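Structure at a glance
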Amino acid sequence: MDKTSLQRFVDATWSESIVPTLCDYIKIPNRSPAFDPEWAKHGYMDEAVALIERWCAGRTIPGLTVEVIRLPGRTPLIYMEIPATAPGRDTVLLYGHLDKQPEFPGWETGLGPWTPVQKGDRLYGRGGADDGYAAFAALTALEALARQDLAHARCVVLIEAGEESGSPDLPLYIEHLAERIGDVSLVVCLDSGCGNYDQLWSTTSLRGLVAGELMVEVLREGVHSGEASGIVPSSFRVLRVLLSRLEDEATGAIKLKELKAAIPRERAAQARSTARALGNDVWAKFPLVDGLKPMGKDNVERVLNRTWRSTLSITGVDGIPPLASAGNVLRPRTTFKLSVRVPPTVDTQRASAALKRLLEKSPPYGAKVTFTGEKSSAGWNAPELAPWLERSADSASRAFFGKPVRYLGEGGSIPFMQMLGRKFPRAQFLVTGVLGPHSNAHGPNEFLHLPTARNLTCCVAQVVHEHSQRSSAVAKPAKRKRRASKA
């Protein structure tokens, strides 16, 4: 591999072709179905699919096929195949998604979710980093190999359109395409994060998610607060009591045993390594208000809190009027949207059932309490890393970033990973991405760090190439052994 030539081609492709196309992609408000139930009618998802399909189909990769598959009533899927240029029947599966989170308020002046703006190394706009860049990076990495006639296994690229809604359609597509996908021995997922922009980061675990709506009702209708307060308990106070069953309000620690898991020694060691590498960037990357102190006694604990411990967030509220229309009324009900991130190995269905029992049992004052659970998302803990992949990832990181690879767990969820882990138990995983400090996916001012995206593209090319060398090295001794046994 001529790494200098590879880097030069990747950089040029990003500058001349990918960035302009990504700008067009950012302009499309193709919200995920959970945030746009009428996505099919609005047509934005189809527009984004067509844009990416056209770009991918134009790549000069021998044997490349690009197909948009549409199952009835489901979001579309872009399915791409690149034939093997190395011996063996292995398949590399590369994954990304093209649907987006909604706008979210708070964008800086001159920036906006559907307005692509490049400032230095940053391309601002919704979806560029999460995860619109993935299709472009995957195809460019494979095109870079083709230009140097470098071997690789058969490759399948899947770009789905429902990840931000929990990937409800993806299992159906995986089953529908099972024979075409084949025997996967390496998964490259480009929808994760990075601890900094200085090196390749490989994700070792993902937390799961248990979510739902907790509603407390105390009245059939609102009444004058002067008349009822002191007699009728506040629905908000009842909610506070219920949440204290779940969470220690002083520390944020979760009490429910079904939401806890033992931390593997390897992951604890990786947390210590990550904390040493990042220092206070573990928490300083967040836009904290002046004077706010982070949770946890030290950075190792903070890394573990974010990756292997449950935490509760209240992500939505109903039944509370805005300040401008808040009268002297004791409100009849309050509803909180609960989002509990859980350790990678927690059984999320069992945890959701336990959470419902905890919150609805013996409600204070006999209030009417209802917890309506949403579909839970399982976490994922990576299989043991194969020596070849460990060496390849580190070599690629040193070659294209100038620093060794680092490993970290992520606090978010990628539902696809747990499903793939079950379906392809012998596969190795390179789960990586460009969501680093301040990139702010899902929030205002989301940006794609362009140098990281370019270097990551080069790293993917090297790992996919060296995967095929690993396959050949494994296959050849086995073949010689069979011939010797016949003799």
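Everything in this summary refers to the structure shown in the same document. (Residues numbered from 1 in each chain as written. Predicted model: local features only at pLDDT ≥ 70, side-chain atom pairs only at ≥ 80, totals over all residues. Heavy atoms only, no water.)

Some remarks on the layout of surface pockets
- In this structure, the second largest pocket occupies an estimated 310 Å³ of space.
- Thr204, Glu266, Gln270, Leu385 and Tyr407 are, among the 18 residues lining the second largest pocket, the residues nearest its centre.
- Counting residues per element, the ones that place at least two in the lining of the second largest pocket are β8 (201–206), α9 (265–278), β16 (406–410) and β17 (428–431).
- By residue number, the principal contributor to the lining of the second largest pocket is α9, which donates five residues.
- Counted by class, the lining of the second largest pocket contains five nonpolar, eight polar and five charged residues. (1 Å grid on protein atoms, 1.4 Å probe; cavity = no way out; pocket = protein on both sides within 12 Å on 5 of 7 lines; lining within 4 Å. Points joined across faces, edges and corners; volume = space filled by probe spheres on them. Helix = DSSP H or I, 4+ residues; strand = E, 2+ residues; numbered from the N terminus. Nonpolar A, V, L, I, M, F, W, Y, C, P; charged D, E, K, R; others polar.)

Examining the pairing of strand β13 (residues 333–342)
- Judged by how many residues are buried, β13 sits mostly within the fold: seven of ten residues are covered.
- Sheet topology places strand β11 (residues 311–318) next to β13; seven bridges connect them, and they run antiparallel. Considered in β13, the bridge of Ile314 is made with Leu338. (Buried < 20%, exposed > 50% of the residue type's maximum accessible area, 1.4 Å probe, protein only. Pairing = 2+ DSSP bridges.)

Here's the deal with the sheet that holds strand β3 (residues 91–97)
- With respect to topology, six strands assemble into an open sheet ordered β1-β2-β6-β3-β7-β17, the strand pairing being mixed. Because the sheet does not close on itself, it has two edges, and the strands there are β1 (65–69) and β17. Neighbouring strand axes in the sheet, compared pairwise and without regard to direction, differ in orientation by 15 degrees on average.
- Helix-sheet contacts for helix α3 (residues 44–57) involve β1 and β2 (77–82), and the interaxial angle to β1 is about 165 degrees.
- Sheet contacts for helix α4 (residues 128–147): β2, β3 and β6 (154–160); angle to β3, the most-contacted strand, approximately 150 degrees. (Axes fitted to C-alpha atoms, helices over the stretch in contact; angles between N-to-C directions. Contact = heavy atoms within 4.5 Å.)

Concerning the packing of helix α8 (residues 235–246) against helix α12 (residues 348–360)
- Put simply, α8 and α12 touch, their axes get as near as 9 Å, and they point 135 degrees apart. Judged by the inter-axis angle, α8 sits oblique to α12. Of the two possible hands of crossing, α8 and α12 adopt the one that is right-handed. Counted together, Leu242, Arg245 and Leu246 of α8 and Leu355, Leu358 and Leu359 of α12 form the full contact between these two elements.
- Of the residues assigned to the contact of α8 with α12, the class counts are five nonpolar, no polar and one charged. (Parallel < 35°, antiparallel > 145°, perpendicular 65-115°, else oblique. Left-handed = near helix turned anticlockwise from the far one by under 90°.)

Notes on the pattern of salt bridges
- Across all of its chains, the model carries 23 salt bridges by this definition.
- For the salt bridge of Glu446 with Arg126, the shortest nitrogen-to-oxygen distance reads 2.8 Å. Here the residue Glu446 occupies a position in the loop between β17 and β18 (447–449), and Arg126 occupies one in the loop between β5 (122–124) and α4, the gap between them amounting to 320 residues.
- Since its relative accessible area comes to 1%, Arg126 is described here as buried.
- Of the charged contacts, one joins Arg309 and Glu301 as a salt bridge, the two residues approaching to 2.9 Å between their closest N and O atoms.
- Take Arg309: its relative accessible area is 27%, and that puts it in the partly exposed class. (Salt bridge = Lys/Arg side-chain N within 4 Å of Asp/Glu carboxyl O.)

So far we have only geometry, and geometry alone does not tell us how the molecule works.
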